[in-house]
Amino acid sequence: MSVAFAGNSTTTPSREAGPLRVMVVDDSVVIRGLISRWIGAEHDMEVAASLRTGLEAVNQIERINPDVAVLDIEMPELDGLSALPQLLAKKRDLVIIMASTLTRRNAEISFKALSLGAADYIPKPESTREASAADIFHHDLIQKIRHLGARLRRKAAVASPPLAPASPAPAVRGPVARPAVPAPAPAVHAPSSGPLSTRPFSTQAPKVLLIGSSTGGPQALMSLVTELGPVIDRFPVLITQHMPPTFTTILAEHLARSSRRPASEAVDGEPVKAGRIYLAPGGKHMRVARSGADPVIALDDGPAVNFCKPAVDPLFTSAIDVWHGNILSVILTGMGSDGMRGGKDIVAAGGSVIAQDEASSVVWGMPGAAANAGICAAILPLNQIGAKVNRLFAGDRS
């Protein structure tokens, strides 16, 4: 999510056709080469530049004119966090993905970068020799570039006035060669025929709030929990955010500060009680179960679900055995469709689903999948979700 800067900053027009231009900025020649090869193998993106320092990126940004920048945090001459605002000052619509190794310091810097206008972050593996770690890094990076770049182009297309109709071309005999145009990145959109349909909210009073999020989620969560004090005080709140270890530790601390309520990574076997926020720890699925009459956290170290660990679907589905239809679930911004299947199960059990709308989402994948599946009782901008949740827990069923 980029920020606007005052002064002489400009927005360089983005290309609406052709591959996404990606600038790779990392002081490691191995990482630069690896990322560049991955990008070069994709039909809808290309390497616009491969640079060693943030200073090189700042000095060359206007000439290179990339759509997306993958920006390392630790670099000589000018580190990623220092380069970030300078890059955005020169190209306000630049999509910046911060890259860092999994340390607490780098996790904190990544969160700072999000507040300064970075679109997202990605953890780099400690060693690219570990095949599984490199595969996850490869998959996640390419998906982030594709989806965040596609969002940029959709925004540019909406902002640009339509072109005047062209005059009919003269007839040409024989076959006409057409340039190969990469297929656009798949995206979930509302049907052009009109707004998506919604279903009535459940008549059952919610006893728990479940939230799922991914790309853009940290910013959305920190905004949302500031409005949920009355709900948190009386009901448990459980959150699954697609995020690796260490990062979830930092996110829990941010959520506690934003909500002014206790928030922490969930611990296996701990009771689920009102008055606090439970966050799925990175690298583990968070489920809920019953221990006697009481709900407890059940962490699961099983395989990834929807390419994610933690994933939203395990939390949503497991909650039905504990709270039956007395569940309100919220699906916020994120890539993919995680949460949609679990949301279907919640609705079938008698609960309700709210999805964030496309305009306020960084990526309308997860909420869009739920909206298009017809399981949502409301599709709302982020700044309206908190008030709606408060009313529902206070007894409003409309």
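Regarding empty space enclosed by the protein
Then comes step 1: Taken as a whole, this structure holds 1 cavity of 30 Å³ or more when the rule is applied.
Then comes step 2: Around the largest cavity, the lining residues are Phe 201, Ser 202, Gln 204, Pro 206, Gly 325, Asn 326, Ile 327, Leu 328, Ser 352, Leu 392 and Arg 397.

Structural notes on the layout of surface pockets
Then comes step 1: Put simply, the largest pocket is a space of about 1,000 Å³.
Then comes step 2: Forming the walls of the largest pocket are 38 residues, and the residues nearest its centre are Ile 136, Asp 140, Phe 307, Cys 308 and Lys 309.
Then comes step 3: At the level of elements, β5 (120-124) and α5 (131-159) are the ones that each hand at least two residues to the lining of the largest pocket.
Then comes step 4: Here the lining of the largest pocket takes 9 residues from α5, the largest share from any one element.
Then comes step 5: Residues that form the lining of the largest pocket fall into these classes: 16 nonpolar, 14 polar and 8 charged.

Observations concerning the sheet that holds strand β4 (residues 95-101)
In any sheet, the strands associate via hydrogen bonds between backbone groups, in a parallel or an antiparallel arrangement.
Then comes step 1: With respect to topology, 5 strands assemble into an open sheet ordered β2-β1-β3-β4-β5, the strand pairing being parallel. Of all strands in the sheet, those bounded by a partner on one side alone are β2 (45-51) and β5. Strand-to-strand twist in this sheet, taken as the mean axis angle between neighbours without regard to direction, amounts to 25°.
Then comes step 2: Alignment of strand β3 (residues 68-72) against β4, held across 5 bridges, turns out to be parallel. Opposite Ala 69, over in β4, you have Ile 96 as the bridge partner.
Then comes step 3: Contacts between helix α4 (residues 104-116) and the sheet are confined to β4 and β5, with β4 contributing the most and set at about 170° to the helix.

Structural notes on the nonpolar core
Then comes step 1: One finds Met 23, Leu 87, Leu 209, Ile 211, Ile 354 and Val 389 to be the most contacted residues of the largest nonpolar core, which totals 62 residues.
Then comes step 2: Not counting residues within four places of it along the chain, the set of residues in contact with Ile 211 comprises Leu 221, Leu 224, Leu 228, Val 237, Leu 238, Ile 239, Thr 240, Phe 316, Val 330 and Leu 332.
Then comes step 3: By size, the runner-up hydrophobic cluster in this structure holds 30 residues, among which are Val 312, Leu 315, Ile 331 and Ala 371.

Things to note about the environment of Asn 59
Then comes step 1: Locating Asn 59 in the fold gives a position in helix α2 (residues 54-64).
Then comes step 2: Overall, Asn 59 belongs to the exposed group, its relative accessible area being 54%.
Then comes step 3: Linking Asn 59 and Gln 86, residues 27 residues apart in sequence, is a C-alpha distance of 9.6 Å.

Brief notes about the packing of aromatic side chains
What describes a pair of aromatic rings is the distance from one ring centre to the other and the angle between the planes of the rings.
Then comes step 1: A full pass over the atoms with the stated rule returns 4 aromatic pairs.
Then comes step 2: Arranged with centres 6.4 Å apart and planes meeting at 40°, the rings of Phe 111 and Phe 247 form a pair that is tilted. Placement of the pair is Phe 111 in helix α4 and Phe 247 in helix α8 (residues 247-259), with a sequence separation of 136 residues. In this structure, Phe 111 and Phe 247 share a single accessibility class: buried.

Some thoughts on the pattern of salt bridges
Close approach of charged atoms lets side chains of opposite charge pair.
Then comes step 1: Tallied over the full model, the rule gives 14 salt bridges.
Then comes step 2: When the shortest N-O distance is used, the salt bridge between Lys 124 and Asp 72 registers 3.0 Å. A residue pair is termed long-range when its members are at least 10 positions apart, and Lys 124 in strand β5 and Asp 72 in strand β3 qualify at 52 residues. Of the two residues, Lys 124 and Asp 72, both sit in the buried class.
Then comes step 3: Put simply, Asp 233 and Arg 261 hold a salt bridge, and the shortest N to O gap is 2.6 Å. With a gap of 28 residues between them, Asp 233 in helix α7 (residues 229-234) and Arg 261 in the loop between α8 and β8 (263-265) connect regions that are remote in the sequence.
Then comes step 4: Counted as one network, the salt bridges with shared partners bring together Asp 26, Asp 72 and Lys 124.

Looking at the confidence of the model for the chain
Then comes step 1: When pLDDT is averaged along the chain, the result is 87; 84% of the residues meet or exceed 70.
Then comes step 2: Per-residue pLDDT stays below 50 along residues 1-14; that stretch engages in 34 contacts with residues further than four places along the chain or on separate chains.
Then comes step 3: Counting interchain partners and residues more than four positions distant, the pLDDT-below-50 stretch residues 163-194 has 27 contacts.

Looking at α4
Then comes step 1: Over its 13 residues, α4 extends 19 Å from the first C-alpha to the last, a length consistent with the 18 Å expected when each residue adds 1.5 Å.
Then comes step 2: Taken together, the buried positions of α4 are occupied by Asn 106, Ala 107, Ile 109, Ser 110, Phe 111, Ala 113 and Leu 114.
Then comes step 3: One or two positions beyond α4, positive phi appears at Gly 117, with a value near 120°.

Digging into helix α12 (residues 382-393)
Then comes step 1: With 12 residues, α12 should cover 16 Å at 1.5 Å per step; its first-to-last C-alpha distance of 18 Å lies within 8% of that length.
Then comes step 2: Leu 382, Ile 385, Gly 386, Lys 388, Val 389, Asn 390, Leu 392 and Phe 393 are the residues of α12 that are buried.
Then comes step 3: Next to the buried residues of α12 lie β6 (208-213), α6 (217-225), α7, β12 (327-331), β13 (352-356) and β14 (378-380).
Then comes step 4: Backbone geometry just downstream of α12 places Gly 395 in the positive-phi region, at approximately 120°.

Some details on the sheet that holds β14
Then comes step 1: Ordered by their spatial adjacency, 7 strands build an open sheet running β8-β9-β7-β6-β12-β13-β14, and the pairing between neighbours is parallel. Edge positions in the open sheet fall to β8 and β14, since each of these has one partner strand only. Ignoring which end each strand starts from, the neighbouring axes of this sheet average 20° apart.
Then comes step 2: With 3 bridges connecting them, β8 and strand β9 (residues 277-279) associate as parallel partners. In the sheet register, Ala 263 faces β9, and the bridge partner there is Ile 277.

A closer look at the packing of α2 against helix α3 (residues 80-90)
Then comes step 1: Their axes nearest at 9 Å, the elements α2 and α3 cross at an angle of 0°. With respect to α3, the axis of α2 lies roughly parallel. Contact residues: α2 offers Gly 54, Ala 57, Val 58, Asn 59, Ile 61 and Glu 62, while α3 offers Ala 83, Gln 86, Leu 87 and Lys 90.
Then comes step 2: For the contact of α2 with α3, the residue count by class is 5 nonpolar, 3 polar and 2 charged.

The rules we used
- Residues numbered from 1 in each chain as written.
- Predicted model: local features only at pLDDT ≥ 70, side-chain atom pairs only at ≥ 80, totals over all residues.
- Heavy atoms only, no water.
- 1 Å grid on protein atoms, 1.4 Å probe; cavity = no way out; pocket = protein on both sides within 12 Å on 5 of 7 lines; lining within 4 Å.
- Points joined across faces, edges and corners; volume = space filled by probe spheres on them.
- Helix = DSSP H or I, 4+ residues; strand = E, 2+ residues; numbered from the N terminus.
- Nonpolar A, V, L, I, M, F, W, Y, C, P; charged D, E, K, R; others polar.
- Pairing = 2+ DSSP bridges.
- Axes fitted to C-alpha atoms, helices over the stretch in contact; angles between N-to-C directions.
- Contact = heavy atoms within 4.5 Å.
- Core = buried A, V, L, I, M, F, W, Y, C linked by side-chain atoms within 4.5 Å.
- Buried < 20%, exposed > 50% of the residue type's maximum accessible area, 1.4 Å probe, protein only.
- Phe/Tyr/Trp six-rings, centres within 6.5 Å; stacked < 30°, edge-to-face > 60°.
- Salt bridge = Lys/Arg side-chain N within 4 Å of Asp/Glu carboxyl O.
- pLDDT = per-residue confidence, 0-100.
- Expected span 1.5 Å × (residues − 1).
- Parallel < 35°, antiparallel > 145°, perpendicular 65-115°, else oblique.

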